[in-house]
Amino acid sequence: YYFSKQPIKNIVVLGNNYISDEEIIETARLEEYPSFVTTLSSSIKKRISKIPIIKDVQIKKSFGYVLTIEIEEYKVFFNIRSSNEYMLDDGSKLSELPYLISVPILINYVPDDKLEKLTMKFSNVDYDTILKISEIEYTPTDYDSERFLFYMRDGNEVYVTLNKIKE
């Protein structure tokens, strides 16, 4: 009976970039430090998984009444200015994020098939490189319908054809 009443002593949250520790703990309903034994990992996982930016959650209980929550979030590739949506690495769109993040901004209209291909190609590019882009502009020509102009944060401008981004 004594052990079943012992509260969680420590909550460790790992892997979160976009969602704060406090929001994860509140969503999981752990702010009151409930009983370590009677708190089910599956119910915590189910609650946290409802946050749209969360890709995967792992819950581990360890000696000393420590609860570890390992979060895997979707990567946010860019913000679509016209709809104010965020494009995620799985190709889905998210209408809002809990706080502002610095990702590239898509500044003009892109046909859906080109947008899907851009997202697919971005998944093969190092995420730190993507974050060096400030704005993305779709600039097709008569010869190249898949040309984009990347305005980099350091002031450079880079023209890219989707077919040239390695997979």
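Here, every reference points to the structure presented above.
The secondary structure content of the protein amounts to five helices and 10 strands. Its C-alpha atoms give the protein principal-axis dimensions of about 75 × 25 × 25 Å. The buried share of the protein, reckoned over its 167 residues, is 40%. The contacts in the protein between residues at least 6 apart in sequence include a share of 52% that link residues at least 24 apart. In the form shown here, the protein has an accessible surface area of approximately 10,100 Å², with 49% of it arising from carbon and sulfur atoms.

Our next topic: the packing of aromatic side chains. Scanning the model with the defined rule gives five aromatic pairs in all. Between the aromatic rings of Phe36 and Tyr65, the centroid separation amounts to 5.3 Å while the plane-to-plane angle is 90°, which identifies the pairing as edge-to-face. One end of the pair, Phe36, is in the loop between helix 2 (21-27) and helix 3 (41-49); the other, Tyr65, is in the loop between strand 2 (54-62) and strand 3 (66-73), with 29 residues separating them in the sequence. Note on accessibility: Phe36 and Tyr65 belong to one class, buried. Ring geometry for Phe78 versus Phe122: centroids 6.0 Å apart, planes at 85°, classification edge-to-face.

For the rest of this paragraph, the subject is the pairing of strand 3. Extensive coverage of strand 3 is indicated by the burial of six of its eight residues. In the sheet, strand 1 (residues 10-14) pairs with strand 3 via five bridges, with the strands oriented parallel. Paired with Val12 across the strands is Thr68, a residue of strand 3. Linkage of strand 2 to strand 3, two consecutive antiparallel strands, is achieved through a turn of three residues, within which Gly64 is found at a positive phi near 90°.

Bringing the nonpolar core into the picture now. With 49 residues, the main nonpolar core has Ile53, Val76 and Phe78 as its most contacted residues. Residues in contact with Val76, not counting those within four places in the same chain, are Tyr18, Ile53, Tyr86, Met87, Leu88, Leu97, Ile101, Val103 and Tyr127.

Turning next to helix 4 (residues 112-122). All buried positions along helix 4 are accounted for by Lys114, Leu115, Leu118, Thr119, Lys121 and Phe122. The buried residues of helix 4 occupy an angular sector of 165° when the element is viewed end-on, so they sit on one face. Exposed residues pointing more than 90 degrees away from the buried face of helix 4 are listed as Asp112 and Glu116.

Here we take up the sheet that holds strand 2. Within the open sheet, the three strands sit side by side as 1-3-2. Their pairing is mixed. The open sheet terminates on both sides in strands that have one partner only, identified here as strand 1 and strand 2. Between one strand and the next, the sheet's axes are offset by a mean angle of 15°, whatever the strand orientation. Contacts from helix 3 reach strand 2 and strand 3 within the one sheet, and its direction differs from that of strand 2 by about 155°.

A positive phi angle is found at Tyr33, which is not glycine, with a value near 50°. Within the secondary structure layout, Tyr33 lies in the loop between helix 2 and helix 3. You can call Tyr33 partly exposed: its relative accessible area is 38%. If you check the backbone angles, Tyr65 has positive phi at about 60° while not being a glycine.

Conventions and cut-offs
All residue numbers refer to position in the chain's written sequence, counted from 1. Since the coordinates come from a predicted model, pLDDT governs what is reported: local features require at least 70, and pairs of side-chain atoms require 80 or more to be given and counted, while whole-chain, interface and lining totals use all residues. Only hydrogens and water are removed before side-chain values are computed, so all heavy atoms of the structure are retained for them. Secondary structure follows DSSP: runs of H or I at least 4 residues long count as helices, runs of E at least 2 residues long count as strands, and numbering of each begins at the N terminus. Burial classes: relative accessible area under 20% of the type maximum marks a residue as buried, over 50% as exposed, and values in between as partly exposed (1.4 Å probe, protein chains only). Whether two residues touch is decided by their heavy atoms; if any such pair falls within 4.5 Å, the residues are in contact. Values of accessible area rely on a 1.4 Å probe in the Shrake-Rupley scheme; residue burial ignores everything except the protein chains shown. Only the six-membered ring of Trp is used, alongside the rings of Phe and Tyr, when aromatic pairs are assigned; centres must lie within 6.5 Å, and planes under 30 degrees apart are stacked while those over 60 apart are edge-to-face, with the rest tilted. Two strands pair if DSSP finds at least two bridges between them. In this text, buried Ala, Val, Leu, Ile, Met, Phe, Trp, Tyr and Cys residues form a nonpolar core when linked through side-chain atoms within 4.5 Å. The arc in question is the one spanned by the directions pointing from the helix axis to the C-beta atoms. To define axes, lines are fitted to C-alpha atoms, for helices over the stretch in contact only, and angles between the resulting N-to-C directions are given on a 0 to 180 degree scale.

Read these as layout, nothing more, since geometry by itself doesn't imply function.
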